[in-house]
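Given next are the chains, with one letter for each unit.
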Amino acid sequence: MGQGSEQNRPDPDALLQLAAREKRGKLTIFLGMAPGVGKTFAMLERAQALKERGVDVVVGLVETHGRSETSALAEGLETLPRRDAQGAYGEFDIDAALKRHPQLLIVDELAHTNPDGARHPKRYQDIAELIAAGIDVWTALNIQHLESLSELVGRIAGVPVRETVPDIVLKGADEVILVDLPPAELIERLKAGKIYLPDNTGRALDGFFKPSTLTALRELSLRRAADRVDDQMIDFLRQSAIEGPWATGERLLVCVGPDGMSDTVVREASRLASGLNARWIVLSVFRPHSLPPSGAANDTLEATLRLAERLGAETRRESARDFVDAILRIARRENITQIVIGRSSKAPFWRRSLPDALLARGGEISVHVVATRKDKGRISLSRRKTPPEWALTLGVPILAVGATTLLGLGVSALVALQNLSMLYLAAVLISAVVAGRLSALIASLLSFFAYNVFFIDPTGRLTVARPEELLSLAIFVAVALAAGQLAASLRLSVDRTAQQARQAQALLDFARKMTGAFGRDQVLDTMASHFHTALGRGVIVLAPDETGELDVISAWPPDQTFDATAMIAARWALDKREPAGFLTGTLPQVPYLLRPVMAGQRVLAVAGFAMRHEDGAPRESEQRTLDALLEQSAIALDRARLSRESARATVARESEKVQAALLSSLSHDLKTPLASITGAVTSLRELGDRMPVETRSDLLLSIEEEAGRLTRFVANLFEMTRIEAGMIKARRDPIDLRDVIASAVSRARRIHPGVDFDVSLADDLPAAAADAPLLEQVLFNLLDNARKYGGDGTISVYARGEGREVVLAVTDEGKGIPEADLERIFEKFYRRTKGDGRAAGTGLGLAIARGLIMAMGGTIKAESPAIRRRGTRFVIRLPRSERAAS
């Protein structure tokens, strides 16, 4: 039962793709084999029918090419005005289309290239933005503009195809409508002047509109439309959990390298994958101890991989010593059924070419070898090496072998040496280390001739008199070649290790800097500084503020210009979470590569890197370093964001605690006295003279006491507010503590007449630098607190001088305070329970006391049973006054 339900479950990937499509607009492509088959006519005819049914249809751009019947169909449809763009009139206005936001928008000529200055270089990218905004789009495409077919069509028609559309655009369309017309009818339309003007008709008949060419194009368009129908059927079967088998088991692995034939291999593989409805992977393999390709070779490889991605492939890079083993390992791991590879140049007789080796060891995996034209051969070494490198490659072995020969001749004239060949080994090793493997090979050959001519009898000729000398010479050449190969490999390995070490050190330095950066702005400034140092490029870092507006936070160097167009590209990178600017699909003319700094799906910042068109796209090594630095930056920015949010949450929690404590205090300390006052007033009003005089006096006294309690509570709130607002300006005048203590104790005795207060003052009590009224308030709060929590015992007060300080202490005889609470009791609204288990007071007295004492430059702390045997002692320390009290 369970197994059957698993087999009948819809494909999760298919359902996810379906859900993603529900959130965006629908793309319909009218596909034709050539111009003039009626794609635009079919679009407009259907649009008119939809308009009659009440659909909101708008024409964004339609090219009628002077065809009257097409122009007539466009009448009655709302048409957006075109815009001017750097000398090009009549371009599609994407911003107007987004603002109008119709239900259906018609945008002709999918393969059109936008003029310089446009947001996107290609119209299909404009349409992708419209689709993402939820607008349904109809567009038209000729089959020759598909990127995988453009080269093939160019060979068939003899006309190069300059404007192309990635195959993935057609594959991702929601609907493809084939507009077909027999070649003979199309030629008749051309001759009748319904496609081109009469002046161009003759050239078209001689070129693109030959019957054989149109037949081939028609077959290509029919095949591609059929493939599209197969894709739609398979998607439906997967989404509906209908069992197969389906014709989707093929998987291709395409091998490419830094050569001129790889783009042909990729295009051929794309056509093969489309015909087989197969997934395909493009793989580039390099040796671990060799440096990455440089110059033209690296640019060719990067262009090939980007082409493969546009055509819908997954691209990978792999490092391996054995290319065949690496290719087959990946093929078996990915369940590859066919390997596609270009035809290799003729291999030496002692080893197989790469296609032959794959055929021999591939087992059940088929190998598809792509034949390429001779003019698309591999990039020769002469194009990879610059003249200085060639000079080094040739000059080092010539100089090394020449110097060794002169040294050998000089030494031989003085001493008879038997092993002069060892000197030539040194020349080979020097050439390998300094100039590489090819230089070592040249040095080996030069050493062979020099050693034979100058040091083996008969000298001066390329002959060997004794057979054992010939064997020695052969062994020398073999050892020299092996040693040179090992030395060259070591040099490459050292260079590569040094490059990796520099990258690792750059990441380590960046991580250390980020560890010491606190706050978002400091992290962003550290990012800009380190990116500038590590990459040697100008860097600008932008981040959104609280309102979402993008601001430049840091720039290295500071004198860079970041114009409005660059800011639009940065905004695009922020909103769309994809690169923008230099050589991307959005505003490629901007001289900055804008990369979003992302943590998960959240964009935290945008980093802009100054680029030059002559440098091209970033190298692979630079790209890896950049990606690693951006990942580290995202982690640091996310940490700063979390710290900021944590601090805000802590403040919010504390605020909530204070609010809860305040409400609790208000509900208790206002409700209780108000209830007592209300009860006393009610009794006095209702009973009046019928109450005994003593009872009336007690009620009046209760009203007076509770009103005083309310007055003290409000005064404490007001005092705490003044302290937190910094409104308390404590004086530091010399005061006589005897007077302050006497006044505070007298005030406490009036409120608590039954309490015993014991005052002990040193005879030589010095004057303190303090504010007398504030200090009296503090002492009264401490005495009142001791009465509430200290029970009925004696409350002691003493004061004495200690060095440059004056010490005052208030001690009760209660149960004391737990050591963990000795600091908490000074927090606002913190209240301890009394002996009866109820909380007393407002929780403000001690907080006010600490605030006032600190304002006077003193300290206050609590001591309890862990230090003393019983009760609680509050100790105040104030600065001693240098002047006597007045």
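Rules behind the numbers
Residues numbered from 1 in each chain as written. Predicted model: local features only at pLDDT ≥ 70, side-chain atom pairs only at ≥ 80, totals over all residues. Heavy atoms only, no water. Helix = DSSP H or I, 4+ residues; strand = E, 2+ residues; numbered from the N terminus. Buried < 20%, exposed > 50% of the residue type's maximum accessible area, 1.4 Å probe, protein only. Contact = heavy atoms within 4.5 Å. Areas by Shrake-Rupley, 256 points an atom, 1.4 Å probe, with all protein chains shown as cover. Polar contact = N/O pair within 3.5 Å; in protein donor to acceptor, adjacent residues only side chain to side chain. Core = buried A, V, L, I, M, F, W, Y, C linked by side-chain atoms within 4.5 Å. Pairing = 2+ DSSP bridges. Patch = residues over 30% accessible without salt bridge, like charges linked within 9 Å, V, L, I, M, F, W, Y side chains within 5 Å. Salt bridge = Lys/Arg side-chain N within 4 Å of Asp/Glu carboxyl O. Phe/Tyr/Trp six-rings, centres within 6.5 Å; stacked < 30°, edge-to-face > 60°. Axes fitted to C-alpha atoms, helices over the stretch in contact; angles between N-to-C directions. pLDDT = per-residue confidence, 0-100. Parallel < 35°, antiparallel > 145°, perpendicular 65-115°, else oblique. Left-handed = near helix turned anticlockwise from the far one by under 90°. Nonpolar A, V, L, I, M, F, W, Y, C, P; charged D, E, K, R; others polar. Arc of directions from axis to C-beta.

## Focus on the overall build of the protein chain
Here is step 1 of the chain: In terms of regular secondary structure, the protein chain is built from 28 helices and 25 strands.
Here is step 2 of the chain: Among the 886 residues that make up the protein chain, the fraction classed as buried is 44%.
Here is step 3 of the chain: When contacts within the protein chain are restricted to residue pairs at least 6 apart in sequence, those whose partners lie at least 24 apart make up 69%.
Here is step 4 of the chain: Summed over all atoms, the accessible surface of the protein chain reaches about 45800 Å², with 55% contributed by carbon and sulfur.

## Remarks on helix H14 (residues 323-333)
Here is step 1 of the chain: Those residues of H14 lying buried are Val324, Ala326, Ile327, Leu328, Ile330 and Ala331.
Here is step 2 of the chain: For H14, the secondary structure elements touched by its buried residues are strand S9 (251-256), strand S10 (279-286), strand S11 (314-319), strand S12 (338-342) and helix H15 (354-361).
Here is step 3 of the chain: Sitting at the head of H14, Asp322 places a side-chain oxygen 3.1 Å from the backbone nitrogen of Val324.
Here is step 4 of the chain: After H14 finishes, the residue Asn335 shows a positive phi value of roughly 60°.

## Notes on the nonpolar core
Here is step 1 of the chain: Of all hydrophobic cores here, the largest spans 61 residues; its most connected members are Leu105, Ile106, Leu130 and Leu186.
Here is step 2 of the chain: Of the residues forming this core, the biggest block, 5 residues, is contributed by helix H3 (residues 39-52).
Here is step 3 of the chain: Discounting residues that sit within four places of it in the chain, Ile106 has contacts with Met43, Leu44, Ala47, Val57, Val58, Val59, Gly60, Leu61, Val62 and Trp138.
Here is step 4 of the chain: Ranked by size, the runner-up nonpolar core spans 42 residues in total, among them Ala768, Leu774, Ile825 and Ile876.

## Things to note about the sheet that holds strand S3 (residues 78-79)
Here is step 1 of the chain: Pairing is parallel in the open sheet, where 6 strands are placed in the order S3-S2-S6-S7-S1-S8. Of all the strands in the sheet, the pair left with one neighbour each is S3 and strand S8 (175-179).
Here is step 2 of the chain: Pairing of strand S1 (residues 27-32) with strand S7 (residues 136-142) involves 6 bridges; the strand directions are parallel. Within S7, the residue paired with Ile29 across the bridge is Thr139.

## Quick look at a nonpolar patch on the surface
Here is step 1 of the chain: A cluster of nonpolar side chains, Leu438, Leu441, Leu445 and Phe449, forms an exposed patch at the surface whose accessible area comes to about 330 Å².
Here is step 2 of the chain: A residue is classified by how much of its surface remains accessible, and Phe449, at 40% relative accessible area, is partly exposed.

## Details of the packing of aromatic side chains
Here is step 1 of the chain: In the structure shown here, the tally under the stated rule is 4 aromatic pairs.
Here is step 2 of the chain: Judged by centre distance (5.5 Å) and plane angle (35°), the ring pair of Phe531 and Phe609 falls under tilted. You can see Phe531 sitting in helix H21 (residues 520-535) and its partner Phe609 sitting in strand S18 (residues 602-610), a full 78 residues away along the chain. Each member of the pair, Phe531 as well as Phe609, carries the same accessibility label: buried.

## What about the pattern of salt bridges?
Here is step 1 of the chain: In the structure shown here, the tally under the stated rule is 34 salt bridges.
Here is step 2 of the chain: Arg123 is the partner of Glu91 in a salt bridge, and the nearest nitrogen-oxygen pair spans 3.9 Å. Here Glu91, found in strand S5 (residues 88-91), pairs with Arg123, found in helix H6 (residues 123-132); they are 32 residues apart in sequence, far enough to count as distant.
Here is step 3 of the chain: Given the relative accessible area of 9%, Glu91 is considered buried.
Here is step 4 of the chain: A salt bridge links Glu882 to Arg804; the shortest N-O distance between them is 2.8 Å. Of this pair, Glu882 sits in the segment after strand S25 (873-879) while Arg804 sits in the loop between strand S22 (795-802) and strand S23 (805-811); the two residues are 78 residues apart in sequence, bridging distant segments of the chain.

## Comments concerning the sheet that holds S12
Here is step 1 of the chain: Sheet architecture is open: 5 strands sit in the order S11-S10-S9-S12-S13, paired in parallel fashion. Since the sheet does not close on itself, it has two edges, and those belong to S11 and strand S13 (366-370), each with one partner. Across this sheet, the average inter-strand angle for adjacent strands is 25°, counted without regard to direction.
Here is step 2 of the chain: Here S9 pairs with S12 via 4 bridges, running parallel.

## Some thoughts on the confidence of the model for the protein chain
Here is step 1 of the chain: For the protein chain, per-residue confidence averages 77 on the pLDDT scale, and 75% of positions sit at 70 or higher.
Here is step 2 of the chain: Summarising per-element confidence for the protein chain, the mean pLDDT is lowest in helix H16 (residues 381-384) (33) and highest in strand S6 (residues 104-107) (94).
Here is step 3 of the chain: A low-confidence stretch, residues 1-7 (pLDDT under 50), is modelled with 1 contact involving residues beyond four sequence positions or located in other chains.
Here is step 4 of the chain: Predicted confidence is poor over residues 374-387, with pLDDT under 50, and the contacts of this stretch with residues over four places away or in other chains come to 26 contacts.

## Here we look at unusual backbone geometry
Here is step 1 of the chain: Residues Trp556 and Pro557 are joined by a peptide bond in cis, for which omega reads -5°.
Here is step 2 of the chain: With respect to the element layout, Pro557 can be found in the loop between strand S15 (550-556) and helix H22 (564-576).
Here is step 3 of the chain: Phi at Glu109 takes a positive value of approximately 55°, unusual for a residue other than glycine.
Here is step 4 of the chain: By secondary structure assignment, the location of Glu109 is in the loop between S6 and H6.

## Considerations on the packing of helix H26 (residues 737-751) against helix H27 (residues 772-789)
Here is step 1 of the chain: Closest axis-to-axis distance for the H26/H27 pair is 9 Å, and the angle between their directions is 45°. In terms of their interaxial angle, H26 and H27 are classed as oblique. Seen along the crossing, H26 lies across H27 with a hand that is right-handed. On H27, the residues touching Leu737, Val740, Ile741, Ser743, Ala744, Val745, Arg747, Ala748 and Ile751 of H26 are Ala772, Leu775, Glu776, Gln777, Leu779, Phe780 and Leu783.

## With respect to the packing of H27 against helix H28 (residues 845-855)
Helix-helix packing: each pair is described by the crossing angle between the helix axes and the interaxial distance.
Here is step 1 of the chain: The N-to-C vectors of H27 and H28 enclose an angle of 150°; their axes lie 9 Å apart at closest approach. By the angle between their directions, the pair H27 and H28 is classed as roughly antiparallel. Of the two elements, H27 crosses H28, and the hand of that crossing is left-handed. The segment H27 lies against H28, with Leu774, Leu775, Gln777, Val778, Asn781, Leu782 and Asn785 engaging Gly845, Leu846, Ile848, Ala849, Leu852 and Ile853.
Here is step 2 of the chain: Each residue belonging to the contact of H27 with H28 can be placed in one class, and the counts come to 9 nonpolar, 4 polar and no charged.

## A short note on the environment of Arg123
Here is step 1 of the chain: Arg123 sits in the buried class, given a relative accessible area of 2%.
Here is step 2 of the chain: Here the alpha-carbon distance between Arg123 and Val107, two residues 16 residues apart in the chain, equals 8.9 Å.

## Overview of H15
Here is step 1 of the chain: Buried residues of H15: Pro355, Ala357 and Leu358, and no others. Down the axis of H15, the buried set is contained in an arc of 165°. They therefore lie on one face.
Here is step 2 of the chain: Where H15 terminates, the next one or two residues include Gly363, which has phi positive at roughly 65°.

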